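Listed here are the chains, written in short residue letters.
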Amino acid sequence: SRRQEQQRGTTAASSGSSSKNRDKYGREKDGNDDGLAPALDVQETIREIHKFGSEGFTGVQKKSHTKSEYEWLTGRTAKRQKIPTKIVVGMRRKAMKREER
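Notes on the structure in this doc start here. (Residues numbered from 1 in each chain as written. Predicted model: local features only at pLDDT ≥ 70, side-chain atom pairs only at ≥ 80, totals over all residues. Heavy atoms only, no water.)

### A few points about the overall build of the protein
Tallying secondary structure elements over the protein gives 4 helices and 0 strands in all. Taken from N to C terminus, the helices and strands of the protein fall in the order α-α-α-α. Burial analysis of the protein (101 residues in total) assigns 5% to the buried set. Only carbon and sulfur atoms are counted for the fraction: they give 52% of the accessible area of the protein, which is about 10300 Å². (Helix = DSSP H or I, 4+ residues; strand = E, 2+ residues; numbered from the N terminus. Buried < 20%, exposed > 50% of the residue type's maximum accessible area, 1.4 Å probe, protein only. Areas by Shrake-Rupley, 256 points an atom, 1.4 Å probe, with all protein chains shown as cover.)

Take a look at the structure:
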C-alpha cells in the first residue's frame, strides 16, 4: 500500500542516504547543486540578443525577420495571407490587359 511504500522510503532514506539529499517529496536531489546558476546555452543567448536587436526592424527587414523566425521555430515556411477570390480575378484580368499591350 501507499503507506508502506512511504515508510520504506523513509527507512531507506534514513539508513542508506541522508535526508539532506532528498527534496520535500522524498526524491533524491542531484549532487551537482553547488548553489551556482546553470551553465548558459550559447545558442539560446545568441538568439535572445538577436531577438532584442530585431525589435528596431521596420518594413521589409521586419517581414523578412519574422519569416525567418517562423521558419526556424516550425521548420517550414509560413503560408501566404489569403486574398479574396474576387480581388484575385480582378488582378489577373488587369495583368492580362497589361500583357496585351
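Right, picking up where we left off after that structure.
### What to know about the side chain of His-65
Position of His-65 among the secondary structure elements: in helix α3 (residues 59–74). For His-65, a relative accessible area of 11% corresponds to the buried category. At 3.1 Å, the side chain of His-65 and the side chain of Ser-54 are in polar contact. Sequence-distant contacts of His-65, that is, excluding residues within four places in its chain, are made with His-50, Ser-54 and Phe-57. (Polar contact = N/O pair within 3.5 Å; in protein donor to acceptor, adjacent residues only side chain to side chain. Contact = heavy atoms within 4.5 Å.)

### Examining the pattern of salt bridges
Taken as a whole and judged by the stated rule, the model has 1 salt bridge. Between Arg-47 and Glu-44 there is a salt bridge, with its nearest N and O atoms 2.7 Å apart. Note that Arg-47 and Glu-44 are positioned in helix α2 (residues 42–53) at a spacing of 3 residues, about one turn of the helix. Look at Arg-47 and you get partly exposed, because its relative accessible area is 26%. (Salt bridge = Lys/Arg side-chain N within 4 Å of Asp/Glu carboxyl O.)

### Details of a positive patch on the surface
Together, Arg-93, Lys-94, Lys-97, Arg-98 and Arg-101 make up a positively charged patch on the protein surface. Mapped onto the elements, Arg-101 comes out in the segment after α4 (85–100). Taking the relative accessible area as the measure of exposure, Arg-101 reaches 81% and is therefore exposed. (Patch = residues over 30% accessible without salt bridge, like charges linked within 9 Å, V, L, I, M, F, W, Y side chains within 5 Å. Lys, Arg positive; Asp, Glu negative; His and termini not counted. Charge placed at Lys NZ, Arg CZ, Asp CG, Glu CD.)

### A few points about a nonpolar patch on the surface
On the surface, Ile-83, Ile-87 and Met-91 cluster together into a nonpolar patch covering about 290 Å² of accessible area. Its place among the elements puts Ile-83 in the loop between α3 and α4.

### With respect to the environment of Thr-66
Mapped onto the secondary structure, Thr-66 falls in helix α3. Separated by 12 residues in sequence, Thr-66 and Ser-54 have C-alpha atoms that sit 9.3 Å apart.

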